[in-house]
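Listed below, chain by chain, are the residues.
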Amino acid sequence: MHLNETALNGAILLGLLSLPLYALIVDEPYTITLMTRVVILALAAVGLNIILGVGGLVSFGHAIFFGIGGYAMGILAYHAQTFTILDFGLFITDGTRLMPVIWLVAMAVSATAAFLIGILSLRTSGVYFIMITLAFGQMFYYFAISWPEYGGEDGLSIYVRNTFPGLNTLAPIQFFAICLVLLCLALYIMARLRRSPFGLALNAARQSGIRVETVGIDPVRLRLLAFVLSGTVTGLAGALYADLNRFVSPVMFSWQFSGELIVLIVIGGVGRLMGPVVGACVFVALEHLLGGLTEFWLIILGLILLGIVLFDRGGIIGFLTGRAGAHV
Amino acid sequence: MSEPVLQTSGLTKRFGALLATDAVSIDLRAGEIHAIIGPNGAGKSTLIEQICGGVRPDAGRVLLMKKDISALGRHARARAGLGRTFQISALAMEDSVLENVVLGAIGAGAGPWHFWRSALASETLTDRARSALSRVGLMDRHDRICATLSHGQRRMLEVAVALTLLPRVFVMDEPMAGLGADGSKLMTAFLDDLRHEAPILLVEHDMDAVFTLADRISVMVHGKVIATGTSAEIRMNRLVREAYLGDLA
């Protein structure tokens, strides 16, 4: 039996909302934190899904934007907590602890980085695109490691979670709510985007670049914008992730994380709206449940991934709704 | 004689030792079908690619409505008015028939830089798309996924997408390829009318269709145009008969 995808999406969101509420009632704050992690990873993967799932380009460097978001938060909050001045040359600031400001900075810097990286790497496709984005990722990773002002290899700790006007962000459920609202917003924008002329053209460019050129559209420009949007969303997720842990380190830039994001999407369903959300749920659940039993839980994840790639290309969403995933 | 709508002058392309096109100068006038024929490997596809922007010529120019479009890429040439169909269907196979045609309407209309409104909910786009679909007889299949269409239907869909562009010139690479006798007949009748909307540069192996449709025929052999003329002239041309037509004519 196959489920209606809209109904399934609704059920997934309801589940995301109700589990933390249940945890609140039975007073298990750790579960809420775990669910916040799910939501943030899902948001990062929703970002990647734009360029990977709809645009058909496997970016193996999305940790760049996650890390940029993380360091945007880390650097701004670090200067605010140490009362030191951050001198950009053009303007001077003493940092901030306000989440909305941090988010905007994280997104703006991520978008700029995505634009510059995109201009260079979108001349290629396929394996070359994977390699060039991986190379950029490694550049950022080693740059972060060798940046002593902000902790270098040890990373940067932020003592108190940043603030959001009117909310107590230290209460796990309130911070969870902030993240969930942002995720829902991103999903809504993604749903609109996919059906828009831009989304239709981007999706067609994935299937045949020559097709969109023949109707007078430059596929490279479509992909560049998709890459920028994609990096922006993942950058926002990075800022939230840093706030969740109150810690940033070069690990956020690691290629392993770029790989995890791809794995999330493949598990959930490539190009499917809720694919990243389902993927993040499965990933965190396995990490938590199996990770407690054995260090080798990634082997199980690998087996699941293998099964999906071999037998069910649509991921979990595709399996439940009977629809194939986007072919990348 | 009317002004040429599309003109190539001295298009030359060399791939290593192979001279794929050798100073090819042809033109296409309003209201006509100009067919390019020639044996496999004669350079017809390379010529088409040079006209449409997929291959950069080593020498020569392409003029559309007297404007030099030689420096433009594929997509810019499409916007300038080249409506192309492919030898091997290049469609968005996972998308519906309607979505494929709406893509054409997007490219020809306001472009893809709209992010909020649903493309299929836009009447401007779907009206244009539906009218193209009904002209090629695919209206009743508008919600089918492209990959489930028959070969002949995909061919017609290619034409429908080109129609949405309202091009100045159609460039068609073997539209009859793989169509059965009935399909060829349908396509022939369709192209016969289409020439009055915009002239057609037609590369085709189906000689019945070529001699039925073409106002003029150019014969390519080894990268060179060895003859251009009406069907009757080409049939009678001794060079052509020796080089290519053999017993066909």
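What you see is a predicted model; the values in this text were computed from it and never measured.

### Quick word on the state of the cysteines
Stage number 1. On inspection of all chains with the given rule, the structure shows zero disulfides over all chains.
Stage number 2. No disulfide involves C52 of chain B; its sulfur sits 20 Å from that of C146 of chain B, the nearest cysteine.

### Observations regarding the environment of I51 of chain B
Stage number 1. Structurally, the position occupied by I51 of chain B is in helix 1 (residues 44–52).
Stage number 2. Those residues in contact with I51 of chain B that lie beyond four places of it in its chain are L6, T8, L11, V62, I69, R77, L82 and L201 of chain B.

### Examining the interface of chain B and chain A
Stage number 1. Each partner contributes to the interface: chain B provides 33 residues, whereas chain A provides 29 residues.
Stage number 2. When the buried area of chain B at its contact with chain A is split by residue, H75, L103 and W116 of chain B rank highest and sum to 24% of it.
Stage number 3. For the pair chain B and chain A, the number of links is three salt bridges.
Stage number 4. Between E94 of chain B and R206 of chain A there is a salt bridge whose closest N-O contact spans 3.0 Å.
Stage number 5. Remark: the boundary between chain B and chain A carries twelve residue pairs in polar contact (both at pLDDT 80 or more).
Stage number 6. Mapped by element, the contributors of at least two residues to the side of chain B that touches chain A are helix 2 (74–80), helix 3 (97–108) and helix 5 (151–164) of chain B.
Stage number 7. Here the side of chain B that touches chain A gets eight residues from one element, more than from any other, and that element is helix 3 of chain B.

### Examining the packing of helix 4 (residues 123–135) of chain B against helix 5 of chain B
Residues and elements named next belong to chain B.
Stage number 1. Orientation of helix 4 relative to helix 5, taken along the N-to-C sense of each, is 135°, at an axis distance of 9 Å. The angle between the axes of helix 4 and helix 5 places the two elements in the oblique class. With respect to the hand of their crossing, helix 4 and helix 5 are arranged in right-handed fashion. In this structure, helix 4 uses R128, A129, A132, L133 and R135 to contact helix 5, whose residues at the interface are L157, A160, L163 and T164.
Stage number 2. Class assignment of the residues belonging to the contact of helix 4 with helix 5 gives a composition of six nonpolar, one polar and two charged.

### Brief notes about the domain arrangement of chain B
Residue and element names in this part refer to chain B.
Stage number 1. With domains assigned, chain B is organised as domain 1 (1–81 + 169–249) and domain 2 (93–166).
Stage number 2. Each of domain 1 and domain 2 was reduced to a C-alpha centroid, and the two centroids are 26 Å apart.
Stage number 3. Taken together, the twelve residues of domain 1 in the interface contact eleven residues of domain 2.
Stage number 4. Buried area between domain 1 and domain 2, summed over both chains or domains, comes out near 960 Å², and the portion from carbon and sulfur atoms is 64%.
Stage number 5. When the buried area of domain 1 at its contact with domain 2 is split by residue, R79, M187 and F190 rank highest and sum to 43% of it.
Stage number 6. If you look at where domain 1 meets domain 2, you find one salt bridge.
Stage number 7. Residue E197 pairs with R135 through a salt bridge whose shortest N-O separation is 2.4 Å.
Stage number 8. Our count for the domain 1 to domain 2 interface comes out at five residue pairs in polar contact (both at pLDDT 80 or more).
Stage number 9. Broken down by secondary-structure element, the contributors of at least two residues to the side of domain 1 that touches domain 2 are strand 8 (169–173) and helix 6 (181–194).
Stage number 10. Looking at which element gives the most residues to the side of domain 1 that touches domain 2, the answer is helix 6, with three residues.
Stage number 11. Split by residue class, the side of domain 1 that touches domain 2 holds eight nonpolar, one polar and three charged.

Rules used in this analysis
- Residues numbered from 1 in each chain as written.
- Chains lettered and ligands numbered in written order.
- Predicted model: local features only at pLDDT ≥ 70, side-chain atom pairs only at ≥ 80, totals over all residues.
- Heavy atoms only, no water.
- Disulfide = S-S within 2.5 Å.
- Helix = DSSP H or I, 4+ residues; strand = E, 2+ residues; numbered from the N terminus.
- Contact = heavy atoms within 4.5 Å.
- Buried area = accessible area lost by both parts, 1.4 Å probe.
- Salt bridge = Lys/Arg side-chain N within 4 Å of Asp/Glu carboxyl O.
- Polar contact = N/O pair within 3.5 Å; in protein donor to acceptor, adjacent residues only side chain to side chain.
- Axes fitted to C-alpha atoms, helices over the stretch in contact; angles between N-to-C directions.
- Parallel < 35°, antiparallel > 145°, perpendicular 65-115°, else oblique.
- Left-handed = near helix turned anticlockwise from the far one by under 90°.
- Nonpolar A, V, L, I, M, F, W, Y, C, P; charged D, E, K, R; others polar.
- Domains from an automatic or database assignment.

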